[in-house]
Amino acid sequence: MAIRKVSVGKQLSSGSTTIMYTVPTGYRASWGLLFLTNHTTVSKNFTVEWRDADNNLIVNVFLDYPLTGKEFLKMDGESWVQLEEGHTITIIAETGADADAICSFELERNNG
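Residues numbered from 1 in each chain as written. Predicted model: local features only at pLDDT ≥ 70, side-chain atom pairs only at ≥ 80, totals over all residues. Heavy atoms only, no water.

A. Expanded view of the overall build of the protein chain. When helices and strands are tallied, the protein chain shows zero helices and eight strands. The C-alpha atoms of the protein chain give 14 Å as radius of gyration, which agrees with the globular expectation for 112 residues (13 Å, within 12%). Dimensions of the protein chain along its principal axes, counting C-alpha atoms only, are 45 × 25 × 20 Å. For the protein chain, long-range pairs separated by at least 24 residues make up 80% of all intrachain contacts whose partners lie at least 6 apart in sequence. As presented, the protein chain carries roughly 6200 Å² of accessible surface, and 49% of it is formed by carbon and sulfur atoms. Of note, the protein chain has its 9 positive side-chain charges centred 6 Å away from the centre of its 14 negative side-chain charges. (Helix = DSSP H or I, 4+ residues; strand = E, 2+ residues; numbered from the N terminus. Rg over C-alpha atoms; globule rule 2.2 N^0.38 Å. Contact = heavy atoms within 4.5 Å. Areas by Shrake-Rupley, 256 points an atom, 1.4 Å probe, with all protein chains shown as cover. Lys, Arg positive; Asp, Glu negative; His and termini not counted. Charge placed at Lys NZ, Arg CZ, Asp CG, Glu CD.)

B. Local environment of unusual backbone geometry. Phi at Asn56 takes a positive value of approximately 50°, unusual for a residue other than glycine. Mapped onto the fold, Asn56 is located in the loop between strand E4 (44-52) and strand E5 (57-67). Although it is not a glycine, Lys70 adopts a positive phi angle of roughly 65°. Within the secondary structure, Lys70 is located in the loop between E5 and strand E6 (72-83).

C. View of the environment of Glu84. Secondary-structure assignment places Glu84 in the loop between E6 and strand E7 (88-93). Given a relative accessible area of 36%, Glu84 falls into the partly exposed group. With 10 residues separating them along the chain, Glu84 and Lys74 place their C-alpha atoms 23 Å apart. Leaving out residues up to four positions away in the same chain, Glu84 has contacts with Val23, Tyr27, Arg28 and Asn110. (Buried < 20%, exposed > 50% of the residue type's maximum accessible area, 1.4 Å probe, protein only.)

D. Up close: the pattern of salt bridges. Here the structure, examined in full by the defined rule, presents four salt bridges. Salt-bridge contacts for Glu106 lead to Lys5; the nearest nitrogen and oxygen are separated by 3.6 Å. Of this pair, Glu106 sits in strand E8 (residues 99-109) while Lys5 sits in strand E1 (residues 3-11); the two residues are 101 residues apart in sequence, bridging distant segments of the chain. Between Lys74 and Asp76 there is a salt bridge, with the nearest N and O atoms lying 3.4 Å from each other. (Salt bridge = Lys/Arg side-chain N within 4 Å of Asp/Glu carboxyl O.)

E. Geometry of the side chain of Thr88. Structurally, the position occupied by Thr88 is in strand E7. Reaching out from Thr88, the side chain makes a polar contact with the side chain of Thr22 at a distance of 3.1 Å. When residues no more than four places from it in sequence are discounted, the contact partners of Thr88 are Ile19, Tyr21, Thr22, Glu49, Trp50 and Arg51. (Polar contact = N/O pair within 3.5 Å; in protein donor to acceptor, adjacent residues only side chain to side chain.)

Here it is as structure tokens:
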């Protein structure tokens, strides 16, 4: 079964929720990278969520994580999160934030 690697980069919207990725219908995904950078000179808080609409569940991967100005947060390869079709990764940036994020996934067809 072929695995397709996908990376998504976005500029985060200050004070609102940014949808980083939604697993497409017919696929499951392994989430292996989050790279989040704060471009401001002051600390800003970020919340990263895993949303499972089928079970009406929101899991806070990071809740109000304080990221110092000009610093970054990296979650990589040592911790994989398994996502099913329709699951979404979102990031909420504190008001006044100037930030970017990259997420990488391995997609695999869901055969059942």
